[in-house]
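If you want the building blocks of each chain, they are given just below.
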Amino acid sequence: NSDIKIREATSVFDYLFLRRLRNQVRNQMTNSTAPVGYLQQLRFYFRGSPGVKLYIGWIGAKRAGYLLLRHESATCYITEAVDECFRRAGVASRMIDFAKGSCADLTAEILLENTASINLHQTAGFQRSGGDGRIATYRFRR
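Quick notes on the rules
Residues numbered from 1 in each chain as written. Predicted model: local features only at pLDDT ≥ 70, side-chain atom pairs only at ≥ 80, totals over all residues. Heavy atoms only, no water. Pairing = 2+ DSSP bridges. Helix = DSSP H or I, 4+ residues; strand = E, 2+ residues; numbered from the N terminus. Expected span 1.5 Å × (residues − 1). Buried < 20%, exposed > 50% of the residue type's maximum accessible area, 1.4 Å probe, protein only. Salt bridge = Lys/Arg side-chain N within 4 Å of Asp/Glu carboxyl O. Phe/Tyr/Trp six-rings, centres within 6.5 Å; stacked < 30°, edge-to-face > 60°. Lys NZ or Arg CZ within 6 Å of the ring centre and 35° of its normal.

A. Representation of the pairing of strand E2 (residues 52-59). Across five bridges, strand E1 (residues 4-8) lies against E2 in antiparallel orientation. Paired with isoleucine 6 across the bridge in E2 is glycine 57. Hairpin connection, E2 to strand E3 (residues 62-72): the antiparallel pair is bridged by two residues, and glycine 60 has positive phi, about 60°.

This is how it looks when you write it as C-alpha cells:
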C-alpha cells in the first residue's frame, strides 16, 4: 500500500508510541512480557541499544505500527506490531518488506499460538527453521 510509509523512529513521541503498542501486545512477545514503564522507555530513547534499529509504520499522519530490527552476528531479528485499529490494512506486510530490503537474513521468533503472525511471515517468504514447543523460528534469506 503506497499510503503506508516506514520511517526511522527519531522522536520521544515515536518511542512513547512504541511503549504503548508494545504493552498492548506484550502477551504475544516471545521474551519479556512485563509491561514497559515510561522511565524504562525514555532510557531506551536516550541511550539506544547497540545493533537495534526502530522504525515506525505510518498511515497518513498516524503512527500505525512499529518495526524493530536487532542485528546479531549473521542474522537480524525482526519484531513488528500493528495498532489494533490499523490491522488488516497492509502495515505489517509493508514493514516486513522494508526489513527484507534492509537485512539479507531475517529471523522471526513467534509463539506457536500466534497463527496470524505465522501466516503473515510464511506469506512473506519466511521458512520454519526450528522451535522449542512454545516458539517457532522462521527465517528469510535473500
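B. Quick peek at helix H3 (residues 91-102). With 12 residues, H3 should cover 16 Å at 1.5 Å per step; its first-to-last C-alpha distance of 17 Å lies within 8% of that length. All of the buried residues along H3 are Val91, Ala92, Met95, Ile96, Ala99 and Lys100.

C. Molecular detail of the pattern of salt bridges. Tallying each qualifying case throughout the model produces seven salt bridges. With its nearest N and O atoms 2.6 Å apart, the salt bridge here joins arginine 20 to aspartate 83. Of this pair, arginine 20 sits in helix H1 (residues 12-24) while aspartate 83 sits in the loop between strand E4 (75-82) and H3, and the two are 63 residues apart along the sequence. With relative accessibility at 9%, the residue aspartate 83 sits in the buried group.

D. Here's a closer look at unusual backbone geometry. For serine 73, which is not glycine, the phi dihedral falls at a positive 40°. Residue placement: serine 73 occurs in the loop between E3 and E4. Using a relative accessible area of 86% as the deciding quantity, one classes serine 73 as exposed. Residues other than glycine seldom take positive phi values, yet arginine 88 does so here, at roughly 70°. For arginine 88, the location among the structural elements is in the loop between E4 and H3.

E. Up close: the packing of aromatic side chains. Under the counting rule described, the total for this entry stands at two aromatic pairs. Here phenylalanine 126 and phenylalanine 140 contribute two aromatic rings whose centre-to-centre distance is 5.7 Å and whose plane-to-plane angle is 40°, an arrangement assigned as tilted. Pair noted here: phenylalanine 126 is in the loop between helix H4 (115-123) and strand E6 (127-131) and phenylalanine 140 is in strand E7 (residues 135-141), with a separation of 14 residues, a long-range link. Phenylalanine 140 matches phenylalanine 126 in its accessibility class, with the two residues each being buried. Positioned above the aromatic ring of tryptophan 58, the side-chain terminus of arginine 7 is 5.4 Å from the ring centre. Cation over ring: arginine 70 sits above tyrosine 77, and NZ or CZ is 4.6 Å from the ring centre.

By themselves, these figures tell us nothing about what the structure is for.
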